[in-house]
Structures are given as C-alpha cells and as structure tokens.
Amino acid sequence: MFMKPQIKHSISGEKNGFTLVEILVTLAILAAILPALLHAFTSAARNQALSDNTTTALYLLKFRMAEIEMGGYPDVGDDMGEFGNNTRYRWSSTVEDIESEEVENVRRIQVTVTWQHRDRERSMSMNTYVADRQKPQTQQGQ
C-alpha cells in the first residue's frame, strides 16, 4: 500500500521576498554611505596623481642636476628651460660662488623643477656644491 505524501500549507500565508520597508531601509543606508565612499575614492585618485607628479619631478630634478655636474665646473649664473616640448615640467638653475675663508673655488648649484598640478604651481629644489679641481688650492699661512 502506498501512502499519499502530505503537502503542508502555511496557514499564515508567508511568501519569500523583501518587504517595501526592508528595501527602503537598505536604500537609506546606501544613500548615507555612498557619498563617503565616493569622496574616499576621489581623494585617493587625487593623491595618487600628486604622488606621480612629484616622483616624476624628482627624477627630472636628479637628471638635470647630473647634466650640470657632468659638465664640470659650471659658470656662475642663472639658466632655465623645459624638459622637452609641450611638457608641464620646467627647470631653473642658479650657480653661485661660495665666499668663505676655509674653502676656495667652490660653487653652489641649485636646481628647481616646477610643474602645474590642479591649477596650482608646485616645485621641488635640490642643492649641491662643486669644487674646481683644475685650480690649485692656496696654502693657508703662506
């Protein structure tokens, strides 16, 4: 003999799914959190762009300083230029004699790289000192 399976019906009439109140609460939570998340992402993107530009400026600064140092003992004066055509990075350099009783034939080189970031000019500078190895040093006390 076969028994008939019994099918139970819910008396309360529950159905699967979300109620309107649950959906509205979820949307309210998303509306509160979404602006903060968007601000965090845009801020991170902005900081990443500044970091990229600063790193590029640092490499260009080192490159220009190395060019000047490879030229030997530089002439006193100011110079400026760009790193290629249509670039936002510019450089300027200043070479000046150091006046000191302890050392002679020493010059200070300052190189500055400037660039535009978000409608604001940014800059980075580096200094170094070079001595003229061709000129003899005078002896102290003679």
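Up top is the structure.
Analysis parameters
Residues numbered from 1 in each chain as written. Predicted model: local features only at pLDDT ≥ 70, side-chain atom pairs only at ≥ 80, totals over all residues. Heavy atoms only, no water. Helix = DSSP H or I, 4+ residues; strand = E, 2+ residues; numbered from the N terminus. Buried < 20%, exposed > 50% of the residue type's maximum accessible area, 1.4 Å probe, protein only. Contact = heavy atoms within 4.5 Å. Areas by Shrake-Rupley, 256 points an atom, 1.4 Å probe, with all protein chains shown as cover. Phe/Tyr/Trp six-rings, centres within 6.5 Å; stacked < 30°, edge-to-face > 60°. Lys NZ or Arg CZ within 6 Å of the ring centre and 35° of its normal. Pairing = 2+ DSSP bridges. Axes fitted to C-alpha atoms, helices over the stretch in contact; angles between N-to-C directions. Core = buried A, V, L, I, M, F, W, Y, C linked by side-chain atoms within 4.5 Å. Salt bridge = Lys/Arg side-chain N within 4 Å of Asp/Glu carboxyl O.

## What about the overall build of the chain?
Here is step 1: Each helix and strand in the chain was counted, giving one helix and four strands.
Here is step 2: Seen in sequence order, the chain has helices and strands lined up from the N terminus as α-β-β-β-β.
Here is step 3: Burial status across the chain gives 20% buried among its 142 residues.
Here is step 4: A fraction of 47% describes how many contacts in the chain between residues 6 or more apart in sequence connect residues 24 or more apart.
Here is step 5: With the model as given, the accessible surface of the chain reaches about 11900 Å², and the carbon-plus-sulfur share is 55%.

## Considering the packing of aromatic side chains
Here is step 1: Counting across every chain of the model gives one aromatic pair.
Here is step 2: R64 extends its terminal NZ or CZ atom over the ring of W91, reaching a point 3.9 Å from the ring centre.

## Brief notes about the sheet that holds strand β3 (residues 106–117)
Here is step 1: Overall, antiparallel pairing links the four strands, which are arranged β1-β2-β3-β4 in an open sheet. At either margin of the open sheet sits one strand with a lone partner, and together these are β1 (77–82) and β4 (120–131). Mean inter-strand twist for the sheet, computed between neighbouring axes without regard to direction, equals 15°.
Here is step 2: Pairing of strand β2 (residues 90–97) with β3, which is carried by eight bridges, proceeds in the antiparallel orientation. Paired with R90 across the strands is T114, a residue of β3.
Here is step 3: Running at roughly 150° to β3, helix α1 (residues 20–70) makes contact with β1, β2, β3 and β4 of the sheet.

## Quick notes on the nonpolar core
Here is step 1: Grouped together as the largest cluster of nonpolar side chains are 15 residues, with contacts concentrated most on F83, Y89, I109, V111, V113 and W115.
Here is step 2: Mapped onto this core, the elements with two or more residues apiece are α1, β2, β3 and β4.

## Side note on the pattern of salt bridges
Here is step 1: As enumerated under the stated definition, the model contains four salt bridges in all.
Here is step 2: Across the pair E96 and R108 runs a salt bridge, and its minimum N-O distance is 2.7 Å. Placement of E96 in strand β2 and of R108 in strand β3 is noted, with a sequence separation of twelve residues between them.
Here is step 3: Residue classification places E96 among the partly exposed positions, given a relative accessible area of 31%.

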